[in-house]
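One letter stands for each residue in the lines below.
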Amino acid sequence: MKISDAYLIVSSPGRNFVTLKIVTESGTYGIGDATLNGREMAVVAYLEEHVLPALIGRDASRIEDIWHYLYRGAYWRRGPVTMAAISAVDLALWDIKAKAADMPLYQLLGGKSRERVMTYAHCTGRDIEGCLDEVERHIALGYRAVRVQAGVPGIPTIYGVAKREGERYEPADAELPAEHVWSTEKYLNHVPKLFAAVRERFGDDIHLLHDVHHRLTPIEAARLGKAVEPYHLFWLEDCVPAENQESFRLIRQHTTTPLAVGEVFNSIHDYRELLENQWIDYIRTPLSHGGGITHVRRIADLAGLYHVRTGFHGPTDLSPVCLGAAVHFDTWVPNFGIQEHMPHTPETDAVFPHDYRFEDGHFLVGETPGHGVDIDEALAKQYPYKRASLPVNRLEDGTLWHW
Ligand SMILES: O=C(O)C(=O)C[C@H](O)[C@H](O)CO
Ligand SMILES: [Mg+2]
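Reading the values: rules and limits
Residues numbered from 1 in each chain as written. Chains lettered and ligands numbered in written order. Predicted model: local features only at pLDDT ≥ 70, side-chain atom pairs only at ≥ 80, totals over all residues. Pairing = 2+ DSSP bridges. Helix = DSSP H or I, 4+ residues; strand = E, 2+ residues; numbered from the N terminus. Axes fitted to C-alpha atoms, helices over the stretch in contact; angles between N-to-C directions. Contact = placed C-beta atoms within 7 Å. Domains from an automatic or database assignment. Nonpolar A, V, L, I, M, F, W, Y, C, P; charged D, E, K, R; others polar. Buried ≥ 20, exposed ≤ 12 C-beta atoms within 10 Å, placed from the backbone.

### Quick word on the sheet that holds strand 2 (residues 17–24)
Taken together, 3 strands build an open sheet; the order of strands is 1-2-3 and the sheet is antiparallel. Looking at the sheet topology across the chains shown, the edges are occupied by strand 1 (3–11) and strand 3 (29–33). Strand-to-strand twist of the sheet, defined as the mean angle between neighbouring strand axes without regard to direction, takes the value 20°. In terms of strand pairing, strand 2 meets strand 3 through 5 bridges, oriented antiparallel. Paired with Val 23 across the two strands is Tyr 29, which belongs to strand 3. Against the sheet, helix 1 (residues 40–55) engages strand 1 and strand 2, with an angle of about 170° to strand 1.

Right under this line is the structure:
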């Protein structure tokens, strides 16, 4: 199973994706997702210059050894670019191993722990009424869990809300970073009203989630967690920037609202204090940023010791390759919680043929050997890369804030 070729396909079918293809001498190939939103070409350079040439001739079946070769061997450990590159290689190698074994990936991991994978949808509105309409629409589509985000009076743009009603929300929406404005006080006063309105209209059965996108200080996050306790959220996500894991001690001391974190984490070390101290409830790191299956399953195992469950990041900026592999992982992992689902555009879905299915608010895993996602290279070529950037965020006085 020697690796004979490894190359990248960079394309933009609705948004940018970086896809790795690793080919073996027998012709069996594997696909990995190397997309890092807004920093795509940094991962391309890392892989093309430093990683792919060193893979040629290696035994594709030695996934563990190749992982450590790329992690320890690089000397410069961790970080989103390095780990996105390692993740892409790892996902492609697991795809090859499962194809060689003639098994869907979930079988190779240990088989099914569940029949289907609960997902949550994004419901956003320019105001509370608009958001409630979106919740109604998604419940009708079968979702049992929804993430609710609404515009805040007095703040011109807000995280997670589409520019126009009914449009998809896309974070990397300009060639260079757009400037957003933020007011913590206006936000904190508004969010409990949103949740009160959702519970009032839809009752207690639907799971509600909310993403703070790192904008609060620990004591502000504690205030928000307490304020929304009557509406029993499934989780409050990324309530503070998490470089300082100790921040979560303070939040936890004040609220019983469950806490999710980790979509920007890329290593088990980012989680150690959070897990050992039982300060969080869900881990969010996707397979394509956390070192692939080889490393993320170690994080999930550590989390399991502390009753912490998975809730993988699943926005449109992770390609169907990452989502497809995630559906296998979610089907297997014992401590599964939920899977984020932002549907890809029809153009994206056409470039990445896949066998996972969405039905009644859940993903169903496919039986194709491997992770079940391929890439149509000829079609991908029709969508050239376009530079796109995530926005920046400033307080009303102009101070640069967390985005
Ligand atoms: O889906 C989420 O929870 C996000 O926070 C989406 C992120 O803003 C997005 O993936 C950034 O690239
Ligand atoms: Mg998020």
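Let us keep going from here.
### Re the domain arrangement of the protein
What the domain assignment reports for the protein is domain 1 (3–104) and domain 2 (108–368). Once you take the C-alpha centre of each, domain 1 and domain 2 turn out to be 26 Å apart. With 31 residues of domain 1 in contact, the opposing surface of domain 2 contributes 30 residues. Where the side of domain 1 that touches domain 2 is concerned, the elements lending two or more residues are strand 2, strand 3, helix 2 (63–71) and helix 3 (80–100). In terms of residue class, the side of domain 1 that touches domain 2 is made up of 16 nonpolar, 9 polar and 6 charged.

### Observations concerning unusual backbone geometry
Excluding glycine, residues mostly carry a negative phi; peptide bonds, for their part, are mostly trans. A positive phi angle, close to 45°, is found at Asp 238, a residue other than glycine. We note that Gln 278 has phi near 55°; this positive angle belongs to a residue other than glycine. Here Gln 278 lies in the loop between helix 9 (272–276) and strand 10 (282–283). Given 13 C-beta atoms within 10 Å, Gln 278 falls into the partly exposed group.

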